[in-house]
Amino acid sequence: MGYVLAVVCISVMVLCLMLLFIGLPGNWVIIGLTALWAYLSGATFGWQFFVILIVLGAVGEVLEFLAGSIGAKKFGGSNKGSIGGIIGAIIGGIMCAPLFFGFGALLGALGGAFIGCFIFEKLHGMATKQALSASVGTTLGRFGGFLAKLAIGMTIIVLSAPRIWESV
C-alpha cells in the first residue's frame, strides 16, 4: 500500500507542474506535498533538504519576475517599460485565466507583458519601432522566466521523488 501512495504522491507532484501554466504556485504546492509526505510517513529528509527546495522555489519566483525586465533591457527597453511589462503581465494573466481551461493565464501574461511594455514605452516618448522591440524582449524574457520556473519545478520533483520512494 505504501508504494501505491508514493506513486500517487509523485504523480500529483508532476500534475502540479500544470498549475504553473495557469499562473498558480505549482512549485510551492510540490514542496508542500514533499513536506506533507515527510511528516505523515515519519521520514526524515533533513532540514537542509527543505532549505534547498525552498531556495529553488524562491529562485524560480525571482527568475520569473525579473526575466521580463532583463529581456526588455536587452532589446533596448527602459525601466519604465519593464514596469509596464510587469503590470501588463499581471493584468493579462488575471483577465485571461478563465480562457482555455486556465491556460489562458500564460497567454494573457505574455500578451499583457507585451502590451504593458509597449504602452509604457510610448507614454514616455520612445519611438514605435524601439517600443515594439522592447516589448518583444519583455515577452521573450517573460516566457524564458516561465520556462526557468518550470525547469526548477521539475528539479524539485527529481530531488523529492527518490526520497519519497525510499521512505516507503
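All figures in this text were calculated on a predicted structure; none of them were measured in a lab.

Caption draft 1: Fine view of the layout of surface pockets. By volume, the largest pocket is sized at about 440 Å³. Taken together, 21 residues line the largest pocket, and the ones lying closest to its centre are Gly 23, Glu 64, Ala 89, Ala 109 and Arg 142. Among the secondary structure elements, those contributing two or more residues to the lining of the largest pocket are α1 (2-21), α3 (47-74), α4 (79-96), α5 (104-123) and α6 (128-166). At 5 residues, α4 tops the list of elements feeding residues into the lining of the largest pocket. Taken together, the residues of the lining of the largest pocket sort by class into 15 nonpolar, 2 polar and 4 charged.

Caption draft 2: Summary view of the packing of aromatic side chains. Scanning all chains against the criterion turns up 6 aromatic pairs. Measuring from ring centre to ring centre gives 6.1 Å for Phe 45 and Phe 50, while their planes differ by 20°; the resulting arrangement is stacked. There is no split in this pair, since Phe 45 and Phe 50 are both buried. Summarising the aromatic geometry, the rings of Phe 49 and Phe 50 are spaced 5.5 Å apart at their centres and angled 75° between planes, so their arrangement reads as edge-to-face.

Caption draft 3: Local environment of α5. Its 20 residues place the ends of α5 27 Å apart at the C-alpha level, agreeing with the 28 Å of an ideal helix rising 1.5 Å per residue. Turning to α5, its buried residues are Gly 104, Ala 105, Leu 106, Gly 108, Ala 109, Leu 110, Gly 112, Ala 113, Gly 116, Cys 117 and Glu 121. The elements touched by buried residues of α5 are α1, α4 and α6. Positive phi appears at Gly 125, one or two residues downstream of α5, with a value of about 85°.

Caption draft 4: Focus on the packing of α4 against α5. Packing of α4 against α5 leaves a shortest axis separation of 6 Å and a crossing angle of 145°. At the point where α4 passes α5, the crossing takes the right-handed sense. Here Lys 80, Gly 81, Ile 83, Gly 84, Gly 85, Ile 87, Gly 88, Ala 89, Gly 92, Gly 93 and Cys 96 of α4 come into contact with α5, specifically with Gly 104, Ala 105, Gly 108, Ala 109, Gly 112, Ala 113, Gly 116, Cys 117, Phe 120 and Glu 121. In terms of residue class, the contact of α4 with α5 is made up of 9 nonpolar, 10 polar and 2 charged.

Caption draft 5: Representation of empty space enclosed by the protein within the structure. Going through the model one piece at a time under the given rule, you end up with 1 cavity of 30 Å³ or more. In this structure, the largest cavity occupies an estimated 40 Å³ of space. Broken down by secondary-structure element, the contributors of at least two residues to the lining of the largest cavity are α3, α4 and α6. Top contributing element to the lining of the largest cavity by residue count: α3, with 4 residues. Each residue belonging to the lining of the largest cavity can be placed in one class, and the counts come to 3 nonpolar, 5 polar and 2 charged.

Cut-offs and rules
Residues numbered from 1 in each chain as written. Predicted model: local features only at pLDDT ≥ 70, side-chain atom pairs only at ≥ 80, totals over all residues. Heavy atoms only, no water. 1 Å grid on protein atoms, 1.4 Å probe; cavity = no way out; pocket = protein on both sides within 12 Å on 5 of 7 lines; lining within 4 Å. Points joined across faces, edges and corners; volume = space filled by probe spheres on them. Helix = DSSP H or I, 4+ residues; strand = E, 2+ residues; numbered from the N terminus. Nonpolar A, V, L, I, M, F, W, Y, C, P; charged D, E, K, R; others polar. Phe/Tyr/Trp six-rings, centres within 6.5 Å; stacked < 30°, edge-to-face > 60°. Buried < 20%, exposed > 50% of the residue type's maximum accessible area, 1.4 Å probe, protein only. Expected span 1.5 Å × (residues − 1). Contact = heavy atoms within 4.5 Å. Axes fitted to C-alpha atoms, helices over the stretch in contact; angles between N-to-C directions. Left-handed = near helix turned anticlockwise from the far one by under 90°.

By themselves these figures say nothing about function.
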